[in-house]
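Inside the fold
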Amino acid sequence: MYSLVTERGRYLRIRNGVKKDDVVAAFSIPAGELFFGQIIELKSAKRFCYARVGDTYSSIACRERVDEGDLRELNANAVIYPSLRVWLP
């Protein structure tokens with residue numbers, strides 16, 4: 001059995017229900033046929049962090065030194081919960 005060890009933020013694993021248009025729009029990469037479990041290398045890795053217990057948009061923005069409004073817009077104002085991948089501008 002093989003195990004794939006990757007650098008976080010450099011690769012994207014396609015999850016169930018992910019559409020090609022969403023990948024192209026989010027990562028600005030050309031995508032051919034996508035299938036569940038496929039791993040795509042991201043040329044320009046986007047920055048993200050994982051939310052911690054008790055995090056809010058304002059606490060993440062302060063910690064990562066980014067604008068709270070931009071942070072909310074980039075993450076579609078999603079509800080913050082621990083272990084959520086929060087994309088950073």
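In the block above lies the structure referred to throughout.
Criteria and thresholds
- Residues numbered from 1 in each chain as written.
- Predicted model: local features only at pLDDT ≥ 70, side-chain atom pairs only at ≥ 80, totals over all residues.
- Heavy atoms only, no water.
- Core = buried A, V, L, I, M, F, W, Y, C linked by side-chain atoms within 4.5 Å.
- Buried < 20%, exposed > 50% of the residue type's maximum accessible area, 1.4 Å probe, protein only.
- Helix = DSSP H or I, 4+ residues; strand = E, 2+ residues; numbered from the N terminus.
- Contact = heavy atoms within 4.5 Å.
- Arc of directions from axis to C-beta.
- Phe/Tyr/Trp six-rings, centres within 6.5 Å; stacked < 30°, edge-to-face > 60°.
- Salt bridge = Lys/Arg side-chain N within 4 Å of Asp/Glu carboxyl O.

1. Looking at the nonpolar core
Generally speaking, soluble globular proteins have nonpolar side chains that are buried together. By size, the foremost hydrophobic cluster in this structure holds 11 residues: Cys 49, Ala 51, Tyr 57, Ile 60, Ala 61, Val 66, Leu 71, Ile 80, Leu 84, Val 86 and Leu 88. In terms of residue count, the dominant contributor to this core is helix H2 (residues 57–64) (3 residues). Those residues within four positions of Cys 49 in sequence are excluded, and the remaining contacts are Ile 60, Arg 63, Glu 64, Leu 84, Arg 85, Val 86 and Leu 88.

2. A word on H2
Taken together, the buried positions of H2 are Tyr 57, Ile 60 and Ala 61. All buried residues of H2 lie within an arc of 100° about the axis, which places them on one face of the element. Where H2 is buried, its residues meet strand E3 (48–50), helix H3 (68–74) and strand E4 (85–87). Positive phi appears at Arg 65, one or two residues downstream of H2, with a value of about 60°.

3. Some thoughts on the packing of aromatic side chains
Inspection of every chain in the model, using the stated rule, returns 2 aromatic pairs. Between Phe 48 and Tyr 50 the ring centres are 5.4 Å apart and the planes differ by 85°, which places this aromatic pair in the edge-to-face class. Relative accessible area serves as the criterion here: at 18%, Phe 48 is assigned to the buried category. The interplanar angle of 65° and the centroid separation of 5.3 Å between the aromatic rings of Phe 48 and Trp 87 together place this pair among those described as edge-to-face.

4. Concerning unusual backbone geometry
Notably, Ala 76 is not glycine yet its phi reads approximately 55°, a positive angle. Relative to the assigned elements, Ala 76 resides in the loop between H3 and E4. Judged by its relative accessible area of 65%, Ala 76 is exposed. Phi is positive for Asn 77, which is not a glycine, with a value near 50°. Examined against the element boundaries, Asn 77 turns out to sit in the loop between H3 and E4. By relative accessible area, which is 47% here, Asn 77 ends up partly exposed.

5. Quick word on the pattern of salt bridges
As enumerated under the stated definition, the model contains 3 salt bridges in all. Where Glu 64 meets Arg 63, a salt bridge forms, and the shortest distance between an N and an O atom there is 3.8 Å. With a relative accessible area of 26%, Arg 63 lands in the partly exposed category. Each of Asp 55, Arg 63 and Glu 64 takes part in one network of salt bridges that share partners.

6. Concerning the environment of Ala 78
Structurally, the position occupied by Ala 78 is in the loop between H3 and E4. Residue classification places Ala 78 among the partly exposed positions, given a relative accessible area of 32%. For the pair Ala 78 and Tyr 57, spaced 21 residues apart in the sequence, the C-alpha separation amounts to 9.6 Å.

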